[in-house]
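Next come the chains, spelled out residue by residue.
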Amino acid sequence: HMASVMPKLLVTGVAGFIGGHVARVALLSGLAVRGTVRGTTHGIDKVLTGLEVVRVDLLHDSEAELVAAMSGCTYLAHVASPFPGGDVTDDEMRTALEGTAKVLRAAAAAGVKRVVLTSSVAAIGGSEDKAKGTASRPFTAEDWSPETMPSSYAVSKTRAEKAAWALAGRLGLEMTTIHPSFVNGPLLLPRSPTSTAMAKRILEGSMPAVPAIGMNVCGVQDVAEAHVKAVLDPSTAGQRLIVAAGNLLMTDLAVAIKEAHPGWPIKTARIPWVAMWLYSFFDKQAAGVLPMWKKESYYDVSAAEQLLGRPLQPPMEAALEMAASIIELGVASRPQGAGVGAVKEES
């Protein structure tokens, strides 16, 4: 009987945006998959046939409870992150570090063979050196963000990853880390992860005009496939795999979304830099965005492309897929009277 010989992958945070896709790709690859959720499944078990779901709180449950959740699993994809972004308190940072350490110790105790851990380009591309991260000198897997950056999210990602490598070494766990940039692509569930905020704002026309914010974007299917292929390939042990497909300007994205979705109140007017600069004195969010003005950052993704056996999905394509899926799943809502047939059907 096949079922007994299929190795099992445990995916933490399976109801999350990346976690759900990792489980999806793993199931398609013929693995058995068990996913953890903290509270509700958000319906991920309905979307992914064959997924086994267990309730476990990675931060507050005991290590023994985590070991039980991992029993019988050959592989672990630790995707769940206790915070999506923004400011991270010292307390949250400590909890994140402790949570990851607990998960790794439980994996070793449960006899898990290989671990893949979701990190971020935030742990790689935080250098103050202006000559780094350019097209001619891209960031590589050798680069580490300094631990004294203004972005506490990046600091926490960097510290958590360093701690994880040290612990994996002590525990004798084979580990690979995956470093996505800003993850876009189709949602599996009608939830709005942090990553949908930009497309949602553009679609709903909630900003009077669009700032020329630049960011490096990648597709969620590439990120998920990198997790699964890395966990199955022992030659990736000890590697940091970057999945960062390329740069995208928010102003260009607004124009493309408007073209693809007529009838939505999309604004494509650009905010002049000086207006944004003045506005930044009054608005914390605007101040946070200023350094991203027309920002471009480049990463060496050859290792990930080699593992996937193909080039990464173009950033605009991934971003448009996300916009289409948040419309389809009703995550973005059209203001009444906007465009043609603005009344949303009850699903």
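Residues numbered from 1 in each chain as written. Predicted model: local features only at pLDDT ≥ 70, side-chain atom pairs only at ≥ 80, totals over all residues. Heavy atoms only, no water.

### Thoughts on the overall build of the chain
Phase 1: A tally of regular secondary structure across the chain gives twelve helices and ten strands.
Phase 2: Radius of gyration (C-alpha) of the chain: 20 Å, near the 20 Å computed for a compact globule of 347 residues.
Phase 3: For the chain, the spread of C-alpha atoms along the principal axes amounts to about 55 × 50 × 40 Å.
Phase 4: A total of about 15,900 Å² of accessible surface is found on the chain, and carbon and sulfur atoms cover 56% of it.
Phase 5: Averaging the locations of the 32 positively and 33 negatively charged side chains of the chain gives two centres separated by 1 Å. (Helix = DSSP H or I, 4+ residues; strand = E, 2+ residues; numbered from the N terminus. Rg over C-alpha atoms; globule rule 2.2 N^0.38 Å. Areas by Shrake-Rupley, 256 points an atom, 1.4 Å probe, with all protein chains shown as cover. Lys, Arg positive; Asp, Glu negative; His and termini not counted. Charge placed at Lys NZ, Arg CZ, Asp CG, Glu CD.)

### Some details on the sheet that holds strand 9 (residues 240-243)
Phase 1: Taken in spatial order, the seven strands make up an open sheet running 3-2-1-4-5-6-9, and their pairing is parallel. Two strands in the sheet have a free side with no partner beyond their single neighbour: strand 3 (52-55) and strand 9. Strand-to-strand twist across the sheet, computed as the mean angle between neighbouring axes with direction ignored, equals 20°.
Phase 2: Seen against the sheet, helix 5 (residues 152-171) touches strand 5 (114-118), strand 6 (174-180) and strand 9 and runs at an angle of roughly 165° to strand 6. (Pairing = 2+ DSSP bridges. Axes fitted to C-alpha atoms, helices over the stretch in contact; angles between N-to-C directions. Contact = heavy atoms within 4.5 Å.)

### With respect to the packing of helix 6 (residues 197-204) against helix 8 (residues 250-260)
Phase 1: Where helix 6 meets helix 8, the axes come as close as 10 Å, and the angle between the chain directions of the two elements is 55°. Here helix 6 is positioned oblique relative to helix 8, judged by the angle of their axes. Considering the relative orientation of helix 6 and helix 8, their crossing is right-handed. Residue-level contacts link Met 198, Ile 202 and Leu 203 of helix 6 to Met 250, Leu 253, Ala 254 and Ile 257 of helix 8. (Parallel < 35°, antiparallel > 145°, perpendicular 65-115°, else oblique. Left-handed = near helix turned anticlockwise from the far one by under 90°.)

### A closer look at the sheet that holds strand 10 (residues 246-249)
Phase 1: A sheet is described by the order of its strands in space; here three strands give the open sequence 7-8-10, paired in mixed fashion. Looking at which strands have only one partner, the edges of the open sheet turn out to be strand 7 (182-184) and strand 10. In this sheet, adjacent strand axes meet at a mean angle of 55° when their direction is disregarded.
Phase 2: Where strand 8 (residues 214-219) meets strand 10, four bridges bridge the pair, whose relative direction is antiparallel. What sits directly across from Met 215, in strand 10, is Leu 248.

### Section: the nonpolar core
Phase 1: Formed by 74 residues in total, the largest nonpolar core has its most connected members in Leu 9, Val 11 and Val 22.
Phase 2: Take this core: its biggest share by element is seven residues, from helix 7 (residues 220-232).
Phase 3: Those residues in contact with Leu 9 that lie beyond four places of it in its chain are Val 22, Ala 26, Leu 31, Ala 32, Val 33, Arg 34, Cys 73, Tyr 75, Leu 76, Ala 77 and Val 231.
Phase 4: One finds Leu 10, Leu 58, Ala 101 and Leu 104 within the second-largest nonpolar core, a separate group that totals 21 residues. (Core = buried A, V, L, I, M, F, W, Y, C linked by side-chain atoms within 4.5 Å. Buried < 20%, exposed > 50% of the residue type's maximum accessible area, 1.4 Å probe, protein only.)

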